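Close look at the chain arrangement
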Amino acid sequence: MGSVVVGKKVAKKAHDRNKIKRRIYEIVRGLKTQGEVKGVYIIIAKPIIKDLSKSEFKNLLTLEVGRVLK
């Protein structure tokens, strides 16, 4: 179970914010199936995230989640 927060400072349009949320949920869901993520989490996106490519986005989020869990 978890939450993702993407504010208007990150992306002005709702469909852009929802796209970022979907990407984050997809990555975290993959980590959960691998057994790396357990428990409750809250992810707050920062404005720099909108400028990343899909692979950079995945690498950064995986790295940060791993850093937090250790």
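A few words on the overall build of the chain. Each helix and strand in the chain was counted, giving two helices and two strands. Taken from the N to the C terminus, the helices and strands of the chain come in the order β-α-β-α. At 12 Å, the chain has a C-alpha radius of gyration in line with the 11 Å of a compact globule built from 70 residues. The C-alpha extent of the chain, read off along each of the three principal axes, is 35 × 20 × 15 Å. Buried residues in the chain amount to 26% of all 70 residues. Residue pairs in contact within the chain that sit at least 24 positions apart in sequence constitute 63% of those at least 6 positions apart.

This part is about the pairing of strand β2 (residues 41-44). Covered by surrounding structure in β2 are Tyr 41 and Ile 43 only, the residues Ile 42 and Ile 44 on the alternate face being uncovered. Note that strand β1 (residues 2-5) and β2 share four bridges and pair parallel. Bridged to Val 5 within β2 is Ile 44. Viewed along the sheet, the connection from β1 through helix α1 (residues 14-33) into β2 turns out left-handed.

Below, the discussion takes up the nonpolar core. Counting 17 residues, the largest nonpolar core has Ile 20 and Ile 24 as its most contacted members. The biggest single contributor to this core is α1, with five residues.

With that settled, the discussion passes to the pattern of salt bridges. Inspection of the entire model under this criterion finds one salt bridge. A salt bridge links Arg 67 to Glu 64; the shortest N-O distance between them is 2.7 Å. With Arg 67 and Glu 64 both in helix α2 (residues 54-69), this residue pair falls three residues apart, about one helical turn. With relative accessibility at 28%, the residue Glu 64 sits in the partly exposed group.

A word on the packing of aromatic side chains. Under the criterion given, the structure shown has zero aromatic pairs. Over the face of the ring belonging to Phe 57 we find Arg 23, whose NZ or CZ atom lies 5.6 Å from the ring centre.

Thresholds applied
Residues numbered from 1 in each chain as written. Predicted model: local features only at pLDDT ≥ 70, side-chain atom pairs only at ≥ 80, totals over all residues. Heavy atoms only, no water. Helix = DSSP H or I, 4+ residues; strand = E, 2+ residues; numbered from the N terminus. Rg over C-alpha atoms; globule rule 2.2 N^0.38 Å. Buried < 20%, exposed > 50% of the residue type's maximum accessible area, 1.4 Å probe, protein only. Contact = heavy atoms within 4.5 Å. Pairing = 2+ DSSP bridges. Right-handed = clockwise from strand over helix to strand, strands pointing away. Core = buried A, V, L, I, M, F, W, Y, C linked by side-chain atoms within 4.5 Å. Salt bridge = Lys/Arg side-chain N within 4 Å of Asp/Glu carboxyl O. Phe/Tyr/Trp six-rings, centres within 6.5 Å; stacked < 30°, edge-to-face > 60°. Lys NZ or Arg CZ within 6 Å of the ring centre and 35° of its normal.

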